[in-house]
Amino acid sequence: MKCMTLSIPDGQFIAIMGSSGSGKSTLGQLSAGLLKPDKGTVYVDNIPINNRKSRSQLWNKIAYVSQFPEHQLFEETVFLDIGFGLRRMKYSDHEIMAKVKEAMELIGLDFEQYKDRSPFQLSGGEQRLAALAGALIKEPNILILDEPTAGLDPSARMKLHAVLTLLKRTRRISIVYITHDLQDALEHADRLILLHHGELVHDLKASAIQSVLDHPRIPLFPTPLLRLCKELEVIFPEIADLEIVQENKLLNYVSERILRISEMDNE
Ligand SMILES: Nc1ncnc2c1ncn2[C@@H]1O[C@H](COP(=O)(O)OP(=O)(O)OP(=O)(O)O)[C@@H](O)[C@H]1O
Ligand SMILES: [Mg+2]
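Residues numbered from 1 in each chain as written. Chains lettered and ligands numbered in written order. Predicted model: local features only at pLDDT ≥ 70, side-chain atom pairs only at ≥ 80, totals over all residues. Heavy atoms only, no water.

**Focus: the overall build of the protein chain**
(1) Moving on: Check the secondary structure of the protein chain and you find twelve helices and eight strands.
(2) Moving on: When the backbone C-alpha atoms are referred to their principal axes, the protein chain occupies close to 70 × 45 × 30 Å.
(3) Moving on: Here the protein chain holds 267 residues, and the buried ones make up 46% of them.
(4) Moving on: In the protein chain, the proportion of contacts linking residues at least 24 apart, taken out of those at least 6 apart, comes to 59%.
(5) Moving on: Carbon and sulfur atoms make up 52% of the accessible area of the protein chain, which amounts to about 14800 Å² in all.
(6) Moving on: Taking the average place of the 31 positive charges on the side chains of the protein chain and the average place of its 36 negative ones, the gap between the two points comes to 9 Å. (Helix = DSSP H or I, 4+ residues; strand = E, 2+ residues; numbered from the N terminus. Buried < 20%, exposed > 50% of the residue type's maximum accessible area, 1.4 Å probe, protein only. Contact = heavy atoms within 4.5 Å. Areas by Shrake-Rupley, 256 points an atom, 1.4 Å probe, with all protein chains shown as cover. Lys, Arg positive; Asp, Glu negative; His and termini not counted. Charge placed at Lys NZ, Arg CZ, Asp CG, Glu CD.)

**Re the pairing of strand β5 (residues 142-146)**
Sheet faces and side chains relate simply in a regular strand, where the side chains alternate between the two faces.
(1) Moving on: Where burial is concerned, most of β5 is hidden: five out of the five residues are buried.
(2) Moving on: Along β5, one buried face is formed by I142, I144 and D146 and the opposite face, lined by L143 and L145, is buried too.
(3) Moving on: Here strand β4 (residues 62-65) runs beside β5; their pairing, made up of four bridges, is parallel. The residue bridging I62 from the neighbouring strand is I142, located in β5.
(4) Moving on: In this region the chain leaves β5, passes through helix α8 (residues 154-171) and returns to the parallel neighbour strand β6 (residues 174-178); the handedness of that crossover is right-handed. (Pairing = 2+ DSSP bridges. Right-handed = clockwise from strand over helix to strand, strands pointing away.)

**Things to note about the coordination of the magnesium ion (ligand 2)**
(1) Moving on: The magnesium ion (ligand 2) binds to the protein through S25 (OG) and Q67 (OE1); the donor distances cover 2.0 to 2.2 Å. With a gap of 42 residues between them, S25 in helix α1 (residues 24-31) and Q67 in the loop between β4 and α3 (78-82) connect regions that are remote in the sequence.
(2) Moving on: Owing to a relative accessible area of 23%, Q67 belongs among the partly exposed residues under this scheme. (Donors = N, O, S within 2.8 Å, 3.2 Å for Na, K, Ca; no water.)

**Side note on the pairing of strand β1 (residues 13-17)**
(1) Moving on: Buried residues dominate β1, accounting for five of its five residues.
(2) Moving on: Of the two faces of β1, both are covered, the one formed by F13, A15 and M17 as well as the one formed by I14 and I16.
(3) Moving on: Two strands pair when backbone bridges link them, and β1 and β6 are joined in this way by four bridges, in the parallel orientation. Bridging from a neighbouring strand, F13 pairs with I175 of β6.

**Regarding the site of ligand 1**
(1) Moving on: Around ligand 1, a shell composed of S19, S20, G21, S22, G23, K24, S25, T26, Q67, E147 and H180 is seen.
(2) Moving on: Taking T26, its side chain carries an N or O atom lying 2.5 Å from an oxygen atom of ligand 1.
(3) Moving on: Note that an oxygen atom of ligand 1 is positioned 2.9 Å from one of the side-chain N or O atoms of Q67.
(4) Moving on: The residue makeup of the shell around ligand 1, split by class, is no nonpolar, nine polar and two charged. (Near = heavy atom within 4 Å. Polar contact = N/O pair within 3.5 Å; in protein donor to acceptor, adjacent residues only side chain to side chain. Nonpolar A, V, L, I, M, F, W, Y, C, P; charged D, E, K, R; others polar.)

**Regarding the packing of helix α5 (residues 93-107) against helix α7 (residues 124-136)**
(1) Moving on: Relative to each other, α5 and α7 sit at 130°, their axes nearing to 9 Å. When the interaxial angle is binned, α5 and α7 end up oblique. The way α5 lies across α7 gives a crossing that is right-handed. Two secondary-structure elements touch here, α5 through A103, M104, L106 and I107 and α7 through L129, L132, A133 and L136.
(2) Moving on: Looking at the contact of α5 with α7 residue by residue, the classes come out as eight nonpolar, no polar and no charged. (Axes fitted to C-alpha atoms, helices over the stretch in contact; angles between N-to-C directions. Parallel < 35°, antiparallel > 145°, perpendicular 65-115°, else oblique. Left-handed = near helix turned anticlockwise from the far one by under 90°.)

**Regarding the side chain of S118**
(1) Moving on: Its place among the elements puts S118 in the loop between α6 (111-114) and α7.
(2) Moving on: Excluding residues within four positions of it along the chain, S118 makes contact with E76 and T77.

**Here we look at the domain arrangement of the protein chain**
(1) Moving on: We note that the domain assignment places domain 1 (13-208) and domain 2 (222-267) within the protein chain.
(2) Moving on: If you average the C-alpha positions of domain 1 and of domain 2, the two centres end up 36 Å apart.
(3) Moving on: Each partner contributes to the interface: domain 1 provides seven residues, whereas domain 2 provides seven residues.
(4) Moving on: Roughly 640 Å² is buried in total at the junction of domain 1 and domain 2, and carbon and sulfur atoms are behind 51% of that figure.
(5) Moving on: Summed over the shared surface of domain 1 and domain 2, the number is zero salt bridges.
(6) Moving on: At the surface where domain 1 touches domain 2, the tally comes to six residue pairs in polar contact (both at pLDDT 80 or more).
(7) Moving on: Here the residues of the side of domain 1 that touches domain 2 are counted per class, giving four nonpolar, two polar and one charged. (Domains from an automatic or database assignment. Buried area = accessible area lost by both parts, 1.4 Å probe. Salt bridge = Lys/Arg side-chain N within 4 Å of Asp/Glu carboxyl O.)

**A few points about the sheet that holds β1**
(1) Moving on: Pairing in this open sheet of six strands is mixed, and the strands run β4-β5-β6-β1-β7-β8 from one edge to the other. The sheet is open, and its two borders are formed by β4 and β8 (199-205), each paired with just one other strand. In this sheet, neighbouring strand axes are inclined to one another by 15° on average, regardless of whether the strands run parallel or antiparallel.

What follows is the structure in C-alpha cells.
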C-alpha cells in the first residue's frame, strides 16, 4: 500500500471502494492492527499500532468485521464468541450476558435461538451477523465493515443499515464501509474513498460521484439510478445541479415536478 492519511470526523460514514485487489481489505486490516505492514508504521489516532502494547489501547476504539466472518469466529458457541472480548476485559458474567443479549438483538439475532449454537453451523449470513454483534459489543469509536452486506437477505441488510444509522447519530461512531456496491455506498455514505493499486486516488463527497465516473483509472459504473438521472437531465437540466445520487431524492424531485405540473394545469 502507498502512504495515505485519512481523517474521519466522528459520526462520519465513509465508503471504501475500488476493484478487487485494490487494497480495501488490506487498508481495513492495517487500520485495525490485524495486519503488520511490511514497511512503515500505521497510526490510528496518533497511536502507532505496530506493536502489541500500543495496539491494546485500540481494543475498544476500533472494531473490524472481516470480509470472511468465518475467519473471525472460533469459540464453541455464539454466546462465547460474541462475549469473547468482554471476558478478556474481565467483565462480570452478568454484564457479559446482558451485553451479548443486547448486541445480538440489536443486529437481529434472537438470543435464545442462537446463543448455544456453534458458530460453524450457522449460515453465511448468520455468521456475518454474529461477527457484527461481536464487533458492536465493544462499543467502538470506529467500526470497519468489510463487505458487510454480502450474503445477507434484504431484511437483514435493512436492519444493518438501521443499526449503523442509529450508532452514527447517537454514539457519533465513525463507520468505514468497504463495498463493491456503488448504489449501496451512495445511499448511505457521506464520503467515498476510491483505491486503485493500493493507492488513494479519490476522496470525495458521495454526491459528487458523477465527476469521477468517466475517469479511466476508476472502474466504477453508473448505477441504474445515476443513468436515469443523466437521461432526465436532457429534459430537466436543473437535475445536474441537484446532485441526486439517492433514490428518495429522485422520488422527491419527481413528485415535486408532478405537483408543479398539476398546479399549472389547474390554473
Ligand atoms: N498478507 C498479504 N501479503 C501479501 N500480499 C497480500 C496479502 N494480503 C493481500 N495481499 C495482496 O494485496 C492486494 C490487495 O488485496 P486486498 O485483499 O486488500 O484487496 P481488496 O481490495 O480487498 O479486494 P476484494 O475486493 O477482492 O476483496 C492483492 O493483490 C492481494 O493479493
Ligand atoms: Mg477485500
